[in-house]
Amino acid sequence: EDQVTQSPEALRLQEGESSSLNCSYTVSGLRGLFWYRQDPGKGPEFLFTLYSAGEEKEKERLKATLTKKESFLHITAPKPEDSATYLCAVQADTGFQKLVFGTGTRLLVSP
Amino acid sequence: KAGVTQTPRYLIKTRGQQVTLSCSPISGHRSVSWYQQTPGQGLQFLFEYFSETQRNKGNFPGRFSGRQFSNSRSEMNVSTLELGDSALYLCASSGHLAGTGELFFGEGSRLTVL
């Protein structure tokens, strides 16, 4: 069964304090790994898609990396507006649009 | 470009009732997926529709059903509501035929079952 585990569950950072979020996954055959951001009361917002081990994607202060068993979301010099829940999801190569999500990491960045 | 629109945003029902939720995808998107989000389980896949056909279904009981219309709008229905059905129901659309995971989510319909 496809599975995604995210850690830590919650993370509190000071503004400017860089850190990483972890996403470990098991999937029969990986079509893609996705990162989403979710603000309270909102739907998830797409951030990145990674397709193969070694791939990296960047967007502003965020950088996502992928290995054969896990993905990291690195946050460099975060700002309070980066506070949100970050969700990781995998799509198996048999599953069309079916994504399996982790339960997320709640990030709080204090000024 | 308008995003994914879900109605209603909030609703309260009692056990045993049924509910219908509506989703209008981004214009031009033909794939619509539904997810249930709860604090304990996170987002769980319900089903996906493409061109009025259900392509994939998650592990939910038959009380959960859906459909898609010719204009790509979708509805999901939950019959005989149970307390555990209280959740945020999210609809997502995609313009990719085979699926790349770039789902665009609506803001959800928050269902409370009393």
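In this numbering scheme, every chain counts its residues from 1 along its sequence in written order. Ligands are numbered from 1 and chains lettered from A, in the order in which they are written. Local features in a predicted model are, by the rule used here, given only for residues with pLDDT of at least 70; side-chain atom pairs are given and counted only at 80 or more, and totals for whole chains, interfaces and linings are based on all residues. Calculated side-chain values reflect all of the structure's heavy atoms, with hydrogen atoms and water omitted.

A. Structural detail: the overall build of chain B. Each helix corresponds to a stretch of at least 4 residues labelled H or I by DSSP, and each strand to a stretch of at least 2 residues labelled E; elements are numbered beginning at the N terminus. Within chain B, the regular secondary structure consists of 0 helices and 11 strands. In sequence order, chain B lays out its α and β elements as β-β-β-β-β-β-β-β-β-β-β. Its C-alpha atoms give chain B a radius of gyration of 13 Å, within 12% of the compact-globule value 13 Å for 114 residues. Referenced to the eigenvectors of the C-alpha coordinate spread, the extents of chain B come out at roughly 40 × 25 × 25 Å. By the burial criterion, 51% of the 114 residues in chain B qualify as buried. When the accessible surface of chain B is split by element, carbon and sulfur atoms take 49% of a total near 5,300 Å². Neither His nor the chain ends contribute to the count of charged residues, in which Lys and Arg are positive and Asp and Glu negative. Where a charge lies is defined by one atom per residue type: Lys uses NZ, Arg uses CZ, Asp uses CG and Glu uses CD. Mean positive and mean negative side-chain charge positions of chain B (11 and 7 charges, respectively) differ by 3 Å. With C-alpha atoms as the basis for the radius of gyration, the globule rule is written as 2.2 Å multiplied by the number of residues raised to the power 0.38. With a 1.4 Å probe rolled over the protein chains alone, any residue whose accessible area is under 20% of its type maximum counts as buried; one over 50% counts as exposed, and the rest are partly exposed. Note on areas: these come from Shrake-Rupley sampling with a 1.4 Å probe, and a residue is covered only by the protein chains present in the view.

B. Region of the structure containing the side chain of Ser110(A). Residue and element names in this part refer to chain A. As for its placement among the helices and strands, Ser110 is situated in strand 11 (residues 105-110). Pairs of N or O atoms are called polar contacts if they sit within 3.5 Å, as long as, within protein, a hydrogen donor faces a hydrogen acceptor (for residues adjacent in sequence, only side-chain-to-side-chain pairs). Of note is the side chain of Ser110, whose polar atom sits 3.4 Å from the side chain of Arg12. Here, residues are in contact when the closest pair of their heavy atoms is within 4.5 Å. Each residue touching Ser110, except ones within four places of it in the same chain, is listed here: Arg12, Leu13, Gln14 and Glu15.

C. Looking closely at the nonpolar core. Of all hydrophobic cores here, the largest spans 23 residues; its most connected members are Leu33(A), Trp35(A), Leu73(A) and Tyr86(A). Elements supplying a minimum of two residues to this core: strand 2 (10-14), strand 3 (19-26), strand 4 (30-38), strand 5 (45-50), strand 7 (62-66), strand 8 (70-75), strand 9 (84-92) and strand 11 of chain A. For this core, the element with the most residues is strand 9 of chain A, which contributes 4 residues. Apart from residues lying up to four places away in sequence, Tyr86(A) is in contact with Gln6(A), Leu21(A), Trp35(A), Tyr36(A), Arg37(A), Leu47(A), Leu62(A), Leu73(A), Gly104(A), Thr105(A) and Leu107(A). What makes a nonpolar core is a set of buried Ala, Val, Leu, Ile, Met, Phe, Trp, Tyr and Cys residues whose side-chain atoms join them at distances within 4.5 Å. Formed by 21 residues, the second largest nonpolar core is a distinct cluster that contains Tyr49(B), Ala87(B), Tyr89(B) and Val113(B).

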